[in-house]
Each structure stands twice: as C-alpha cells, then as structure tokens.
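# Survey of secondary and tertiary structure
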Amino acid sequence: MTEAVHVEPVVHQAPQGFIRKYIFSLDHKVIGIQYYLLALFSVMVGMLLSVLMRFNLAWPGTEVPILETLFPVGAPGGIMTPEFYLSLMTMHGTIMVFFVLTTAPQSGFGNYFLPLQIGAPDMAFPTLNMLSFWITFVSLLVLLAAFVVTGGAPISGWTGYPPLSALGEIAGPGLGTGQTLWVASIALFCVASLLGALNFITTTIDLRTKGMSMMRLPLTVWAWFVTAILALLAFGVLLAAGVLLLLDRVVGTSFFIPAGLVVSDQMINHKGGSPLLWQHLFWFFGHPEVYIAILPGMGVTSQILSTFARKPIFGYRAMAYAIMAIGLVSFIVWGHHMFLSGMSPYSAMVFSLTTTAVAVPSAIKTFNWLGTLWGGRVRFTTAMLFAIGFVSLFVTGGVSGLFLNQPSVDIYLHDTYFVVAHFHMIMGVAAIFGIFAATYYWFPKMFARHLSERLGKIHFWITFVGVYSIFMPMHFLGVMGNPRRYAEFTAFEFLADVVPIHEFISIAAFVTIGAQLLFAVNFFWSIARGKIAEINPWSATTLEWTVPSPPPHDNFGGRAPVVHRGPYEYSVPGASRDFILQSEPEMKVVHQ
Amino acid sequence: MILALTIWVITLVTTALFIGRYWWFPAVASAHGPALDQQFMLTLVVTGLVFILAQLGLGYLIVHFRDRPGRHVRYSHGSNKLEILWTLATTVLFFSVVLAGQDIWASLNLQNAPAGSLQIEITGQQFQWNVRYPGADGKFGKTSNTLINDSAGNFVGLDERDAAAQDDVVVPTMAVPVNRPVELLLRSKDVTHSFFVRELRIKQDAVPGMTVPIHFTATKLGTYEIACAELCGLGHHRMRSVIEVLSEADYHNWLKERSD
Amino acid sequence: MATIAPPPPLEYLSTRDPDLPTWSDGDGEGDSHGPQALPERRYLTGLLLGLAAVVMFFTALTSAYVVNQGISGQWEQVPLPRILWASTVILLLSSLAIEKARRAKKHFGRWWEIATLLGVLFLSAQLAAFRRLASAGIYMDTNPASSFFYLLTGAHAIHLLGGLTALLYIWIRSRREMMADHIAVKATAIYWHFMDGLWLWLFLLLLLWR
C-alpha cells in the first residue's frame, strides 16, 4: 500500500445492484435516509404507545374488547393492567429518546447533509457509517423483542433506575427477560452512537473543502459537530453503566444493588452496591443526551430562519459559541436530575448554579433568532412555519426549566407532570419541530420533489396548536402535585381533580397524533408524485444547493467545491440577486 | 399573520390560566411552605415576563417583517453590543432568581433538624409505607433486614430481643403534632420510593441502603395524603398513605391507641 | 452607481489540484467509493476520538470503583495475583518491541512478531491471574471488590484483544509488503501504547486504592 500513494481517480463507479446500493450502502446519503426511515418507523410505534397510554390515563378501567384481542396479557378482559401501562411508558420513552430524537436529527439529516454542506465526497469512514446504522437497527429489534417475551416489556421507565431494574422478575413483571433485552439494546445503541459520533467529528475536522474554515460552517454543521462530541463523551459512560447493570442482572454482581434487600418478603442475596451510582452515570449521559436531541434542531432552525427571512443569521459567531457553550456546560449539570435522590445537598446547590448557566447561551440563541427575523423579509413556507414554531416551543420549554433547576422549588415539582411538560416541550416537541422543519426544507434535495405545501401547512397548524394543548395543561397538573408515571389516578382523593384535565389532554393528543398521518401521507405521496423541485428551490446559499437533486453518488462529481464566504449571505447590498452561494467566486464590481 | 395571532392567543390563554390559578397548589400546611411558594411565584413572574415578551415579540416580528412588495432587507450580521447586553442581562436575571431560592434549600437540607424534633422512621416497600415511632422510651430499637417477615407483620425487621424495640410502634399511617419540628428518617427495603406530601411541600427519595433525613414543621391541622413519587413497580400509582396533623393531645391519644 | 456583475460560474478543484493535498489516500475504500479519495489523516483523527470514548468508558468504571468502595460495607479486598506484575512487564516490553519495529525498518517483521507474541503472552498471564483467583474461590459475584477486579481487568483485556487483532493483521501483511511506514502501523502503535498506559492506570488503581 505504501507505494500506492497517488491513485488516479478512475471513472466514477457507483455501486450497482440493489443490495449494495440500498441495503448495505456505503453512501452517506442512503445511510441518512435509512436512519430517517428507522426513526419514522420508531416514531409511529412510539406515538401508538402514547395513544394507548393517554387512553388509559383518561379512562382507566374502561373495557375495550379489541385491546384484549391485541394484548391478551396486557389487557385481560379488555382492561389494561397497570404493569402494561408502565411497560408502554418505558418503551415510549426509550424509543422516542433513542430511536427518534437521537436518530433522526443527527444520524439521519446529519449523515445526509453534513458531507454535502462541507463539500466532502462522503463521511470519513463509510464502512463504519454503514456499521453504525446496522447496529442501531439490531438494537431496535432487540428492544422491540421485549414486547413479545414472557413477562412483557420492562416497567422501570426509560431511566431504568436500579434496584427496580436490577432485581429481575421478583420486583415486577417485565423486569426479567424484558429488562435484560432493554439493557442489551441500550448497550448496542451506545456502540452504534459512538461509531457514528467518531465519524461525524472526523468528517468535520478532516474533510472540509478548501475555504471552508470553521467560522464559515453552516450552523447546522456546528450543531452536528458539537452534538457528535457530546455523543462521543456521553455514550461511553452510558455504555459502562449498561455493562454494569447487565452484569448485575446476568452474572449476579452487585454494582447497583445494596446489601440486605427484602423484595416481596424474600431476602435478596446481593451485597454492597449503590443505586445512586447508576443515577450519576445515567444522568452524566442523560443530560448531554437532551442536547444531543435538541442541538441539531437549533442548527436547522438557524439555517431556515436565515433562508426565509432572506437575511444573514444575526450574530453568527455568538451562535457558534453558544452551541459550544451549551455542549460544554451540559456535562456539569447532571445532578439537577437528582436533587431529591439522597445525594449531598451541597452538590445540589452547585448543580443548580451550573444548570442556570445553560440558560444564558440558550437565551443568546433565542435573541439571535429574533434578531435574524428583525428587518428581514419573512416568507412563510412550511419549513419556516416549523422553524418559527421551534423558537416558540423552545422559549416555552426553556423557561419552565428555571423552576426545576432550583432545588427548593424542585422539592414540590420533581417527578410531577410539571417535569413531563417541561421535557416534552423542549426535548420532545421542540426537537420534533426541528425534524419537521428539516424535512420540509431538505426534502426537495433528497427526493427532487417538493412535499405538498398545502398538506404541510394543515399538518403544521394542527400540530402546533395540538402540542400546546397537550403540554401546556400539564404544567398545571404539576402545580396540583400530580405525580408522573402513575398508571391511573384512582387511588388518591386529590387526584380526582386532575381527571378532567387528563381527559382534555388525551383528546388533544388523539387529534394531534391523527394529524401526523397527514405527514406520513404527504411524505410517501410526494416521493412519487410531488411537484418537481429545482436544484435550489429556496434560493439558499449553502453547498448542498449547488449539486443536482438528489446529489450524485460522490456528491460533487469527483471535484471539490471552493468556498469563498460565510454560509448566510442573503440580500447583500448591490448584489444582482438576493443570495450568494458559499462557493461563488469573488465578484468584480462593474462601474457603469 | 395567522401564525402570529395563534402565538399571541396561546400566550394570552396561558397567562390567563396562570393568573387565574384555576388549577393550583393545595393550601400550604408547613412552616417552610410559604417561602417555597413565594420562590415559585417569583420564578413564575420572571419566567412569565420572559415568556410573554419573547412570544409577543416573535409574533410581532413575523407580522411586521413579512414578505410584501417594497420590503427591503436590512443587511446585517449582528451587533456585538447587543450580544454582550443580552448575555449580561440574562445572566444577571436568571442567577438572581436562582440565588434567591438557595436559602430555602439550605435551611431545609444543610441544617440538621432542630433539637428536640420528633423522630419518625419511614420505610418504603412495594407498595406501602411503614411508619415507625420510637415509643415511650424515645429510642428506636434495633432492626435487621434478616428479621423482616411481612406475613408475620414484622415489616421493618424489629429485633424483639432488644429492649428499646419492645415499645416501638410500626403502623401504616402517620400522625404528627402540629407546630412541632419533625425529623423523618427515610428508608426503603426493596426499591427506590419517594415520600411526597403536597400540602407540607416535602418530597424526598427513600433509597435502599441509605437513611435519608428530612425535617419539617406542620402548621395546619388536617389529614393529607402521602404519595410515592418515584417509580417503584406496578403498584406505584396506589402506594398511598395519610398523614394526620393533630393537636398535641390528639397526637398522644393517637399514638397511645396504637402502642397497645 | 456601482453594481456587481452576475455571478461567474462556480469554481471547483479537480482531485489532482495541488491545492487539495489531502486527497491522496487511495486505499481500497476510496477507490471503490469514488474518485475523490479521502485524506489519510482521518485514520489518526478517528483513532484519537475513539480513544477519547475509551477514556470516558474507563473513567466511568473508575469512578464507580471509587464510589462503591467508599460506601460498600461488604468490600473484601482481593489478593492481587503476583502474576500481574509479570504481565505488566510483558506489556511494557511489547510496546518497546513495537517501537523497535517501527525504527528498524528492515527487521520490522521480526520485532513486530515479538510484540505480537508478547501481546498473546500478556493475555495468557491475565487469564492465569483469573484462574488463580477462581481456584481460591473468588469469582466475579463473590463480593464487590472481586466484581471490580474482574470487571476492570476484563474490560481492559477485551480492548487489548482488539489491539492484538490489529497486531496480527499487520504481522501477516508485513510478510508480503513493506509496512513500517504504513498508517495502520502508526495507528496500531498508538492504540497499543494507550492500552499499555491504561493497564498501568488500572493496575495502580487496584494496587493502591484499597
């Protein structure tokens, strides 16, 4: 190999044959779409689970014969059992966090567009890229298998706190094989994410084309880059935690299980572990994970706001630094999940302050988005609607964080629906809005056709009003002290008051989830029948808009584009049109 | 246009619901509760203003700067002055709010329970609370997990051979005297639970292998529900008990009835 | 009135342009994948990032070790098998052999062979240590200390096994071609030295933090 330093590029050969081209493809664009479809499938499963959950929360004990047909164990006599509810909840959380919010914005869109936006022919390690997708795929299968094993899916929540998750079936149904599959799936997912993160970072560092300095990167690339760094450092820790939990379950070690437990009146033979250790390790991962889900959405929002306001992004450098700051701080805030866990109250105060620090770069981003709109010429495409929706949801979900980062206020609000409202707003729907915005924006590049704007706008309106109707009332449930992760609200007197609100939320959820069918229809219909798109339908500036749609196998036809300027040059005074591509050469001024 | 209106309507409805307090906290019944509620209100006012201004501003921007004939874009890459300004402003604002609340936490968690507090031990298990009073001698007797036997009614593993254990009272519900500091020692014998009483504004995880102390003073007579706030298994939603806040005399009667 | 002329056509560099010196890898992957070969330095970047993830993994295990030792009432120290001293020396020697190989370009194969064999020897020594403990009745689930002993040494051994695979692969290839300056050799060497350092860290942890 040493002698073969310079290989003359031969005629470009894209892989032929269905399997190499679409299944075990090395092409980052195919892999990106594979990830996206995996997330699309997962989000449908996740939403289906929430339909069942919302039904049980609003109308517990209702007999629905079809449920018995579908879930003979989970709903005997057509009535859902509490453990069935908890298993739905666990799987909903796990699927949504890992296979949707981590997968679609980063692995999906990042894979597809990061190389294109930096002018690279592919990811740095195409084989590794393929491998990480297929490990993710297997991980999803392992997780879903938990539904069909004896005892069903685990009931310990997506956070899987031991000892509940470590003790096995004695602690409850689903905690046997189901829980083991859950841990195994998480461990696999960690490996896949580590490989993916390594690939993203290397690509950004080493494969930028000529002229694409770090300070000329589109903000989407900044977001994917920092997200990948977070993933690289966080998933290693979760993997370690997963391995320990697996050993506790399978080998009989006691990393997380203290001595002398008595479960169901039986002495447990374990000695000397710490349940809090899991919480520390898990949240050391878990908090960066929140930013892994939301940062790409921030990048996409910046990109889209700038494009459709026809204005350069306000404060590009501040935006890039804010992304870095959020990433950095996210590693020293994990304790705010544990104020009441029994850890040292002193550290609670420290974590409270570090958490407050996250609010600053988040606020900077919001101000800069507003600054970008200021003085622009705002065009309301569906992508833009979702991006504006993202800003609105980000503010709403962000401010409720200022309650929860105070240990004193958190005493009351911890583990109530206030928390559910907070994290769904910011990590759930805000991130989902980022995914939708990205889909409407980049679909023409990926499939050479437009999504239907008409269907898209209906989809946006129902979703936007819907998510506020679902999650805003949950704040009040939290204020009323409604604990989360309850299968039903029948055993407590004070919970009688919350039932009407839950009924409202459930109905809102059904309508909103129903509206997502519009998106699915739009997506698949438009791939085949949508309006044909030009190369650069939005008159945007970044490199992906200079290549045909969909881009050829090696993106730039065996050449490398040269970049001359920053990513968001819209409405430059004196220019002949209202956008200048990043790769357009310097222009000469012609005096008339 | 419609989007701006929608954002405004959502903002106004939300604000109205918060101001109207249609769904709100239960009346406070503990000494530290009012301060905690005040801190909540302070945070609500600050975040509420941020929320309202940001949403109204967003709506205004998209209406005023919508694309229409004759609109010219103000080409700008931003302003460092503004960046510094709003960085400082948010830093000062948010940190002041958070620092204002640290005192409450410190008084509850950094200081020990006042001397002479009534000690009560709570042991969580799937899916019930076991409440232990030290009895007449004021001392908790020895316990051992190996002696736990639910079917024989020894839920916390009391060691009957220990003299101090003879008069310990283990009951499924709780009572405390009003206006007297109480220290709770939270334990669990199986998985993690969390002890939550809304009216008293207390919540704390009960972690197996640890004994976590918290303290409070109940200030209002009444019966309040104890809920579990940490997922503990299939019966989590029905892990209920009650705490009665009684006058000193009633409390002694209550305990006496149960020690025989 | 100054206006700007319409934009000229976009500018591209061909892959042979000297302005793009990094498109010069030409490994198998690049060939089959497209004419624009990917830069070779990506291997080292990727490796360093991979090591960062490994560091995080072992940092997590280390903190778990420290925390649990602090709180556990049932911590019974594991008598460290003496053979671990031998394996430490063996591993250090293998690193030395790798460096020797990289410098002795001509006798690369010979030295590399020695390094590989030393690697195998190290793993055998670790296995022997496990056997020693097992014969004393100390298994992974015996007590928290033994769990951590097997966990830390086992996790290291698995990582080392990966390195050993790379050593073997290069050894086999070196019998047919000149490998001393190959990027794979550099990467493997870095990884192997890192595993060396990691072992020293774990060994000292087990030895001193008790």
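Residues numbered from 1 in each chain as written. Chains lettered and ligands numbered in written order. Predicted model: local features only at pLDDT ≥ 70, side-chain atom pairs only at ≥ 80, totals over all residues.

## Brief notes about the overall build of chain B
Helix and strand counts for chain B stand at five helices and 10 strands. When its C-alpha atoms are laid out on the principal axes, chain B stretches across 90 × 40 × 35 Å. For chain B, buried positions account for 40% of its 260 residues. Sequence-distant contacts, at least 24 apart, represent 70% of the contacts inside chain B between residues at least 6 apart. (Helix = DSSP H or I, 4+ residues; strand = E, 2+ residues; numbered from the N terminus. Buried ≥ 20, exposed ≤ 12 C-beta atoms within 10 Å, placed from the backbone. Contact = placed C-beta atoms within 7 Å.)

## Some thoughts on the sheet that holds strand β1 (residues 118–125) of chain B
All names here are of chain B. Pairing is mixed across the open sheet formed by five strands, whose spatial order is β3-β2-β1-β5-β8. The sheet terminates laterally at β3 (169–171) and β8 (212–217), the two strands that pair on one side only. Neighbour to neighbour, the strand axes of the sheet diverge by 25 degrees on average, direction disregarded. Sheet analysis places strand β5 (residues 181–188) next to β8, joined by six bridges and oriented antiparallel. Counterpart to Val182 in the pairing with β8 is Phe216. (Pairing = 2+ DSSP bridges. Axes fitted to C-alpha atoms, helices over the stretch in contact; angles between N-to-C directions.)

## Some thoughts on the packing of helix α12 (residues 382–399) of chain A against helix α15 (residues 417–447) of chain A
Residue and element names in this part refer to chain A. Packing of α12 against α15 brings their axes to within 8 Å, and their N-to-C directions diverge by 165 degrees. Considered as vectors, α12 and α15 are oriented roughly antiparallel to each other. As α12 runs across α15, the sense of the crossing is left-handed. Contacts from Thr382, Ala383, Phe386, Ala387, Gly389, Phe390, Leu393, Phe394, Thr396, Gly397 and Gly398 in α12 reach His422, Met425, Ile426, Val429, Ala430, Phe433, Gly434, Phe436, Ala437, Tyr440 and Tyr441 in α15. In terms of residue class, the contact of α12 with α15 is made up of 15 nonpolar, seven polar and no charged. (Parallel < 35°, antiparallel > 145°, perpendicular 65-115°, else oblique. Left-handed = near helix turned anticlockwise from the far one by under 90°. Nonpolar A, V, L, I, M, F, W, Y, C, P; charged D, E, K, R; others polar.)

## Some details on the domain arrangement of chain B
Residue and element names in this part refer to chain B. In terms of domain boundaries, chain B breaks down into domain 1 (2–65 + 80–110) and domain 2 (118–259). The C-alpha-based centres of domain 1 and domain 2 are spaced at 36 Å. Each side of the interface is counted separately: domain 1 has nine residues, and domain 2 has 13 residues. Considering only residue class, the side of domain 1 that touches domain 2 consists of six nonpolar, three polar and no charged. (Domains from an automatic or database assignment.)

## Quick notes on the arrangement of the chains
With two pairs of chains in contact overall, the contact-richest pair is chains A and B. What separates chain B from chain C at the closest point of their C-alpha atoms is a distance of 10 Å, and the two make no contact.

## Concerning the packing of helix α16 (residues 453–479) of chain A against helix α17 (residues 499–529) of chain A
Residue and element names in this part refer to chain A. Running from N to C, α16 and α17 point in directions that differ by 155 degrees, and their axes come no closer than 9 Å. It follows from the interaxial angle that α16 and α17 lie roughly antiparallel. Our pair here, α16 against α17, has a crossing hand that is left-handed. A breakdown of the residues in the contact of α16 with α17 according to their chemical character gives 18 nonpolar, seven polar and no charged.

## Here we look at the interface of chain B and chain A
The interface of chain B with chain A comprises 84 residues on the first partner and 91 residues on the second. Among the elements that make up the side of chain B that touches chain A, the one with the highest residue count is helix α3 (residues 80–110) of chain B (15 residues).

## Observations regarding the nonpolar core
If you look at the biggest cluster of nonpolar residues, it comprises 316 residues, and the most contacted ones within it are A:Leu232 and A:Ala437. Among the elements that take part in this core, helix α8 (residues 219–250) of chain A stands out by supplying 24 residues, more than any other. Among the domains, domain 1 (2–65 + 80–110) and domain 2 (118–259) of chain B are the pair contributing at least three residues each to this core. Contact partners of A:Ala437, with chain neighbours within four places excluded, come to A:Val300, A:Thr301, A:Ile304, A:Ala383, A:Phe386, A:Ala387 and A:Phe390. (Core = buried A, V, L, I, M, F, W, Y, C linked by C-beta atoms within 7 Å.)

## Considering the environment of B:Val197
Residue and element names in this part refer to chain B. Its place among the elements puts Val197 in strand β6 (residues 193–197). The spatial distance from the C-alpha of Val197 to the C-alpha of Glu257 is 24 Å, given a sequence separation of 60 residues. Ignoring anything within four residues of it in the chain, the contact list for Val197 reads Ile202, Tyr224, Ile226 and Ile243.

## Brief notes about unusual backbone geometry
The omega torsion of the bond from A:Pro162 to A:Pro163 falls at 5 degrees, within 30 degrees of zero and hence cis. Tracing the sequence through the fold places A:Pro163 in the loop between α6 (126–145) and α7 (177–206). The peptide bond linking B:Gln126 to B:Phe127 adopts the cis configuration, its omega dihedral lying at -5 degrees. With respect to the helices, strands and loops of the structure, B:Phe127 is situated in the loop between β1 and β2 (128–133). Here the phi dihedral of A:Asp265 falls at roughly 65 degrees; this positive angle occurs in a residue that is not glycine. Along the chain, the position of A:Asp265 falls in the loop between β1 (262–263) and β2 (266–267). Among the residues examined, A:Asp265 registers 14 C-beta atoms within 10 Å and is labelled partly exposed.

## Thoughts on the sheet that holds β6(B)
All names here are of chain B. Here five strands make up an open sheet; going across it, the order is β4-β10-β9-β6-β7 and the pairing mixed. The sheet terminates laterally at β4 (174–177) and β7 (202–206), the two strands that pair on one side only. Each strand of the sheet is rotated relative to its neighbour by a mean of 20 degrees, with strand direction disregarded. Across the sheet, helix α5 (residues 248–259) is in contact with β4 and β10 (241–246); its angle to β4 comes to roughly 145 degrees.

## Here's the deal with the pairing of β10(B)
Residues and elements named next belong to chain B. As judged from the four bridges shared by β4 and β10, these two strands associate in the parallel manner. Note on β10: the bridge partner recorded for Met174 is Ile243. Relative to β10, strand β9 (residues 222–228) runs antiparallel, the two sharing five bridges. If you follow Tyr224 over to β10, its bridge partner there is Ile243.

## Describing the confidence of the model for chain B
Residues and elements named next belong to chain B. Across chain B, pLDDT averages 94, with 100% of residues at or above 70. Mean pLDDT per element in chain B: helix α4 (residues 163–166) is the minimum at 89, and β6 is the maximum at 98. Across the interfaces of the predicted complex, the ipTM metric reaches 0.96, alongside a pTM of 0.94. (pLDDT = per-residue confidence, 0-100.)

## Brief notes about the confidence of the model for chain A
Model confidence for chain A is summarised by a mean pLDDT of 93, while 97% of its residues fall at 70 or above. Scored below 50 in pLDDT, residues 1–12 of chain A shows 24 contacts in the model against residues more than four places distant or in partner chains.

## Focus: helix α3 (residues 83–103) of chain C
Residues and elements named next belong to chain C. The end-to-end C-alpha distance of α3, which contains 21 residues, comes to 31 Å, matching closely the 30 Å that a straight helix rising 1.5 Å per residue would cover. All of the buried residues in α3 are Ser87, Ile90, Leu91, Ser94, Ala97, Ile98 and Ala101. On an axial view of α3, the arc spanned by its buried residues comes to 115 degrees, and they lie on one face. Looking at the buried positions of α3, the neighbouring elements they touch are α4 (108–135) and α6 (183–208). (Expected span 1.5 Å × (residues − 1). Arc of directions from axis to C-beta.)

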